[in-house]
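Inside the fold
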There are 2 protein chains.
Amino acid sequence: MKIGILGYGNLGRGVESAVRQNPDMELTAILTRRDPSTIKPRTEGVKVYSVNDVAKLKDDIDVLVLCGGSATDLPEQTPEYAKYFNVIDSFDTHARIPEHFANVDKAAKDNGHVALISCGWDPGMFSIMRLYGASILPEGNDYTFWGKGVSQGHSDAIRRVKGVKNGKQYTIPVDEALEKVRAGENPTLTTRQKHVRECFVVAEEGADLAQIEHDIKTMPNYFDEYDTTVHFITEEEFNANHAGIPHGGFVFRTGVTGFEKENKHVVEYSLKLDSNPEFTSSVILAFARAIDRLSKEGQTGCKTVFDIAPAYLSPLSGEELRAHML
Amino acid sequence: MKIGILGYGNLGRGVESAVRQNPDMELTAILTRRDPSTIKPRTEGVKVYSVNDVAKLKDDIDVLVLCGGSATDLPEQTPEYAKYFNVIDSFDTHARIPEHFANVDKAAKDNGHVALISCGWDPGMFSIMRLYGASILPEGNDYTFWGKGVSQGHSDAIRRVKGVKNGKQYTIPVDEALEKVRAGENPTLTTRQKHVRECFVVAEEGADLAQIEHDIKTMPNYFDEYDTTVHFITEEEFNANHAGIPHGGFVFRTGVTGFEKENKHVVEYSLKLDSNPEFTSSVILAFARAIDRLSKEGQTGCKTVFDIAPAYLSPLSGEELRAHML
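Okay, so let's go over this structure. Keep in mind that what you see is a predicted model, and the values were worked out from it rather than measured. (Residues numbered from 1 in each chain as written. Chains lettered and ligands numbered in written order. Predicted model: local features only at pLDDT ≥ 70, side-chain atom pairs only at ≥ 80, totals over all residues. Heavy atoms only, no water.)

1. Structural notes on the relation of the copies chain A and chain B
What counts is decided by this rule: When the copies are overlaid, the least-squares fit takes in C-alpha atoms only where the residue has pLDDT of at least 70 in both copies. Residue contacts follow a heavy-atom distance rule, with two residues in contact if any of their heavy atoms lie within 4.5 Å.
Expressed as a screw transformation, the operator carrying chain A onto chain B has a rotation angle of 180° and an axial translation of 0.0 Å, and the superposed copies differ by an RMSD of 0.0 Å. Read as a symmetry element, the transformation amounts to a two-fold axis. Taking C-alpha positions as the reference, the residue of chain A nearest the rotation axis is Ala309 of chain A, at 1.9 Å. Looking at chain A, 100% of its interface residues are interface residues in chain B too, so the copies touch through the same face.

Set out below in structure tokens:
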């Protein structure tokens, strides 16, 4: 399988790295909107192309991984590149998924390609877990918790506060809430009861720390509905301890069965990830394998993770899977 | 969807109960090898038939759930009934799955039906988790733990010991092993380090308790490779506290990503089930929905849980799933 990457940020580099762990894949092209000479891939022999050269690459890429952002890049890029290639993205603006799906589906069908949108872990693996859980235990409740992990959006928001030189925000599930869900108590949880927010801030010299803390904690939409802690640290400590992009979370399904609904069941799926973009990339490549196969079977149009049978993700044959993994 | 049940034991009653939780399903027939008049279904209006009447029921059942045992029932029954119906079973003799698959596949294809074998939670949901984990993190390790839960086979073994009136055996994962896996330490674990076995025994009057304990703990294949605890309790305590059939377990995938393989990831899926047969039945019905759909699409042959796209398990449409679950 020939993999192409469009966009060489954290996610693009994650895909580049993950390709090396999949012997049936090779990275054949990196596409960029920047000047290609400014990009130095870590994989020897991989060529970097301008997005303007896309038409030349039709035979060099089986699946193009779109590594742009959901706000403005992907709504344009995924339908556009589905004209030329099988494509996969990690579009994560939940409310706009139906519209994005429709646009990508039309472009993919009109041009005989397969596309898969909203791949990764949420949306992605967490969505699959919510679907399995609700299908197996129809009378029950769903709970999704995120963290402990870095929220890019909240970290950006901190850095826009006056007097802040650098900052990072961790979203952390509240242990007490996790334990109640895990015990099958089916609690009703407010936003504040589910997650806390912990901020590590490097202040500019002479900045008013009390004012920074107040500005962060009262910021509407981002922090005002949460219990937030602000730690002021030095730039050295920031670089030493907060350079990574860890994340993770939990999906629960709790439900009842039995003639009297007398039996409780708790299903829990959790992720602890040292690198959010690298794990996301790894999920994307497994699904890229699936859409390459669907394309070779003659399918077209837009898919989501819900539409992919698990066997399509594995390099192993059906016989091997049944003999060793079932 | 018209559901039929063959075999009215714990699993069959679990299916009967679970059908009531799925508004798109109804239970239309219970088939039995016994005298039908000896079976009293809990669902009003459901008819009980002898297996000899199977040919009459072709139009009354969309999917027949085979609720027999894996040792002798299912190897015969699943291929046999795949001649008449779409069928689903919970065949769990891992080593014989390829042979069972081949037999069922032939019968299903020859007669235009869809079959699904080895459904439940292990094999079943745990298999799916192992497959997702290995596909996403190709450089990593799998761990499966079972329990805390009742092992039917080990409980039967206890009850065959001289002087034992009644007994139940719980398989329990070792906390220390779970914690090492969860921490991403990739431990190599012996049988003894993964699980302990706890037995609750009601002895016959005047029995030699020390001898019973010795006979259990040294029993080859069942107990000799494990740390086993034996508790002697009264019949009253047994009935009060050990009547249920709880089970559960854990599937982990731990792996690394990054150019230097510097980032660790831990994926954990766990089940805590008050009733093993009722949860198994609930999984089976979700997959029964899938095979009914595949059959209506014109597919034939034998499938496993690996071959079923998650969307097929849900009563919701693709649009609804994308809008609310992705």
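On we go from here.
2. Description of the sheet that holds strand E14 (residues 301–303) of chain B
Residue and element names in this part refer to chain B. What counts is decided by this rule: Note on pairing: two strands pair once DSSP finds at least 2 bridges between them. Working definition: helices are DSSP H or I runs of at least four residues, strands are E runs of at least two. Numbering for both runs from the N terminus. Here the axes come from fitting lines to C-alpha atoms, over the contacting stretch only for helices, and the angles between their N-to-C directions go from 0 to 180 degrees.
Pairing is parallel across the open sheet formed by seven strands, whose spatial order is E3-E2-E1-E4-E5-E6-E14. The open sheet is flanked by strand E3 (47–50) and E14, the only strands paired with a single partner. Each strand of the sheet is rotated relative to its neighbour by a mean of 25°, with strand direction disregarded. Looking at chain direction, strand E1 (residues 2–6) and strand E4 (residues 63–66) are connected through four bridges and run parallel. What sits directly across from Gly4, in E4, is Leu64. Packing against the sheet, helix H1 (residues 10–19) makes contact with E1, strand E2 (26–32) and E4, and its axis sits at approximately 165° to E1. With respect to the sheet, helix H3 (residues 97–110) is in contact with strand E6 (114–116) and E14, its orientation differing from that of E14 by roughly 140°.

3. Focus on the pattern of salt bridges
For clarity, the threshold we go by: Any carboxyl oxygen of Asp or Glu within 4 Å of a side-chain nitrogen of Lys or Arg constitutes a salt bridge here. Exposure categories follow from relative accessible area, calculated using a 1.4 Å probe and restricted to protein chains: below 20% of the type maximum is buried, above 50% is exposed, and the middle band is partly exposed.
Applying the stated criterion across every chain yields a total of 40 salt bridges over all chains. Note that Glu213 of chain A and Lys217 of chain A form a salt bridge whose closest N and O atoms lie 2.9 Å from each other. Of the two residues, Glu213 of chain A and Lys217 of chain A are both situated in helix H8 (residues 209–217); the distance of four residues between them amounts to about one turn of the helix. Take Glu213 of chain A: its relative accessible area is 26%, and that puts it in the partly exposed class. Assessed through its relative accessible area of 33%, Lys217 of chain A is described here as partly exposed. One salt bridge connects Arg253 of chain B with Asp142 of chain B, and the closest N-O pair in it is separated by 3.4 Å. Residue Arg253 of chain B is found in strand E12 (residues 247–257), and its partner Asp142 of chain B is found in strand E7 (residues 140–146); the two are separated by 111 residues along the sequence.

4. Remarks on helix H2 (residues 73–81) of chain A
Residue and element names in this part refer to chain A. Within H2, seven of the nine residues are buried, leaving the element largely enclosed by the surrounding structure. Of all the positions in H2, only Asp73, Leu74, Pro75, Gln77, Thr78, Pro79 and Tyr81 are classed as buried. Buried positions along H2 lie against strand E1 (2–6), strand E4 (63–66), strand E5 (86–88) and helix H3 (97–110).

5. Thoughts on the sheet that holds strand E9 (residues 164–173) of chain B
Residues and elements named next belong to chain B. What the four strands build is an open sheet, ordered E8-E9-E10-E11; its pairing is mixed. The sheet is open, and its two edges are formed by strand E8 (149–150) and strand E11 (227–232), each paired on a single side. Where E9 lies against strand E10 (residues 195–203), nine bridges are found, and the strand directions are antiparallel. Paired with Gln169 across the bridge in E10 is Cys199. Relative to the sheet, helix H5 (residues 152–159) contacts E8, E9 and E10, its axis offset from that of E9 by approximately 145°.

6. Concerning the packing of H1 of chain B against helix H10 (residues 276–296) of chain B
Residues and elements named next belong to chain B. Note the cut-off: Note on angle classes: values under 35 degrees are labelled roughly parallel, values over 145 roughly antiparallel, values of 65 to 115 roughly perpendicular, and the remainder oblique. Note on convention: near helix rotated counterclockwise from far helix by under a right angle means a left-handed crossing. Clockwise means right-handed. For this classification, Asp, Glu, Lys and Arg are treated as charged, while Ala, Val, Leu, Ile, Met, Phe, Trp, Tyr, Cys and Pro are nonpolar and the rest, including Gly, are polar.
One can describe the packing of H1 onto H10 by two numbers: an axis separation of 8 Å at closest approach and a directional angle of 60°. With respect to their mutual orientation, H1 and H10 come out oblique. Our pair here, H1 against H10, has a crossing hand that is right-handed. Touching Asn10, Leu11, Gly14, Val15, Ala18 and Val19 of H1 are Pro277, Glu278, Thr280, Ser281, Ser282, Ile284 and Leu285, all from H10. Here the contact of H1 with H10 is built from residues that sort into seven nonpolar, five polar and one charged.

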